[in-house]
Each structure stands twice: as C-alpha cells, then as structure tokens.
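Remarks on the overall topology
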Amino acid sequence: MYEYVELSSDKEYKFTLRMTLRRVYHITAFSWYAFIVKNLNDKDGEDLPPGIFVYGGPWKYLTFLNLLLQMTFFGLAAVNDLQPGKKAESTLSKFKDLLFSVFAFPVGTFVVLLFWAIFAYDRELVYPATIDAFFPPWMNHAMHTFVLPILLGEVLVQPHVYPQTKHALTALGIVGLAYLSWIIWVYMSVGIWVYPLLGRFSAAGLVGFFFFNMSVVILLYLLGNELNRRVWGKRRYVCHIIPKKKGLKNNNNNTRI
C-alpha cells in the first residue's frame, strides 16, 4: 500500500541525500557483482581441477546462479532509481521488489549460511582445498561472505513490497524443484555431483536434505519480511517536494521512498 505525502523544503536536502545514497549503493553493488561474474567466467577456460566446470560450467553451482541473481536485482534497482516522476507502482518497481523479497534476500542469505556451515564441518564437501590455487581467498569471500552484508545494506537503504506469503512460497518451491532437477540431471549425465556432499546421501537422504534446505529458505524469506517491516513499517510513501518560493509552479516531483 502506498500513501502520498508532502515533503517540506527544509527536509528536501536530507531527502535528496538519501536518494543519492540509494542510487550510489545500487550502482556500486551492481558493478561489484558484474566484476565478480566476469572473473568467474574468465576462469572457465583455464586448467581447473577435474570436475569443477565439466558439463554446464559454472551454471550448475548455486553460488554462481546467486551472483547472477544479485547482479540482476541491483541492476534493475539502479535503473529503477533513474525513473522520473511517479514510479511507486511501476511494473519495473514491482518486479524489482518481487525479485528481492522472494529470491535475492532468502537465496543469497541461504548461500552464505549453508556454505560456511558445511565449510566449518568439512570444507572438502563443498569447497575442496584444490580450488584455492585457482580462486584466491578474496574471491571466496566475494562469493560466499560479502553477499550477506550487501543484502542487509539494501534492507536499510530502501523498503520493499512483499507479496502474499502463499504466492512467495509457491515461487520458491518451483525454483527449488527446478534447481534440484538440474543438479540431478548433471549427475545422471556425467556421473559427478555438483557438490561432493550430495554423494554421501541415499535417495531418501537427498529428498530430506532438499526439504530441509527449502525450510531454511522459507524461514529466511519470513525473516526478510520481518526486517523490512521493522525498518520501514507497513506503509510505503511517495513524497512530493514543495518548492521553496511561494508562487513557484509545482513541478509534481513525486518520488518513492
């Protein structure tokens, strides 16, 4: 739900500063992810450890798909920031909010938490030591650590409209099943699991592991919704800046907070 409010001239500076910060944040985040994705793509042709990029290249790894997801979201957010006039209910804005709330935040947070949990237990199950010679430590953190603080920063710089929970969970379930089908297809095609950990499970164990992961993602979706509510409240506002001088024609400069 959106509510239109008037922004007095004495608050115009702070509002403009906030909007500038938001634009800079989105452009910086997009540029960062574009840089990381390019570096990973460049590695595709190198002499990597056996099985790393066989069949599907980096496209079979949730980490890489998540980087593309984050890059896409911040790219759309940067473009949305440039829209003039009333944009609170634009198609681009709605899609951007959907992408962040249902996918970017829960999936990105899930990748960080699950990776480091498994890494702490036995790194060979998710990120073998042989990879260190090809991906320096900063690259590992770029893929598996910095994602979370960047997402939390997005929660602070801009509110997002969340869809109905049942619709969000349906979308998450469809995407989750699609990814599970993809990694099973890779295994059936070349006999190599995307992650060594998966080779330790029976068929029933794989199903249980999948439902456990989906449960975590759902909880993270609900967490994102709660963080958004606590930071921004239930209402979203579109502000109208009042000209400083009386008699100055209204420029109808409406901008979404």
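Provided above is the structure to which this section pertains.
Residues numbered from 1 in each chain as written. Predicted model: local features only at pLDDT ≥ 70, side-chain atom pairs only at ≥ 80, totals over all residues. Heavy atoms only, no water.

1. Concerning the overall build of the protein
- Each helix and strand counted, the protein has 7 helices and 3 strands in total.
- Reading the protein from its N end, one meets helices and strands in the order β-α-α-α-α-α-α-α-β-β.
- Here the protein holds 257 residues, and the buried ones make up 42% of them.
- Expressed as a percentage of contacts within the protein between residues at least 6 apart in sequence, the contacts between residues at least 24 apart total 77%. (Helix = DSSP H or I, 4+ residues; strand = E, 2+ residues; numbered from the N terminus. Buried < 20%, exposed > 50% of the residue type's maximum accessible area, 1.4 Å probe, protein only. Contact = heavy atoms within 4.5 Å.)

2. Some remarks on helix H7 (residues 203-232)
- The end-to-end C-alpha separation of H7 is 44 Å, in line with the 44 Å expected for 30 residues at 1.5 Å each.
- Along H7, the positions that sit buried rather than exposed are Leu-206, Phe-209, Phe-210, Asn-213, Met-214, Val-217, Leu-220, Tyr-221, Gly-224 and Asn-228.
- A positive backbone phi angle near 80° is found at Gly-233, which sits one or two residues after H7. (Expected span 1.5 Å × (residues − 1).)

3. Considering a nonpolar patch on the surface
- Taken together, the side chains of Val-54, Tyr-55, Trp-185, Val-190 and Ile-192 present a nonpolar region at the surface, about 410 Å² in accessible area.
- The residue Trp-185 is located in helix H6 (residues 165-190) in this model. (Patch = residues over 30% accessible without salt bridge, like charges linked within 9 Å, V, L, I, M, F, W, Y side chains within 5 Å. Areas by Shrake-Rupley, 256 points an atom, 1.4 Å probe, with all protein chains shown as cover. Salt bridge = Lys/Arg side-chain N within 4 Å of Asp/Glu carboxyl O.)

4. Structural notes on the pattern of salt bridges
- What the rule picks out here adds up to 4 salt bridges.
- The partner of Asp-132 in a salt bridge is Arg-123, and the shortest N-O contact between them spans 3.0 Å.
- Judged by relative accessible area, which is 38%, Asp-132 ranks as partly exposed.
- Here Glu-226 and Arg-229 are joined by a salt bridge, their closest N and O atoms 2.6 Å apart. Pair noted here: Glu-226 and Arg-229 are both in helix H7, with a separation of 3 residues, about one helical turn.
- In this structure Glu-226 comes out as partly exposed when scored by relative accessible area, which is 28%.
- The class of Arg-229 is partly exposed, set by a relative accessible area of 35%.
- When salt bridges that share partners are traced, they join Glu-226, Arg-229 and Arg-230 into one network.

In short, geometric facts, not functional conclusions.
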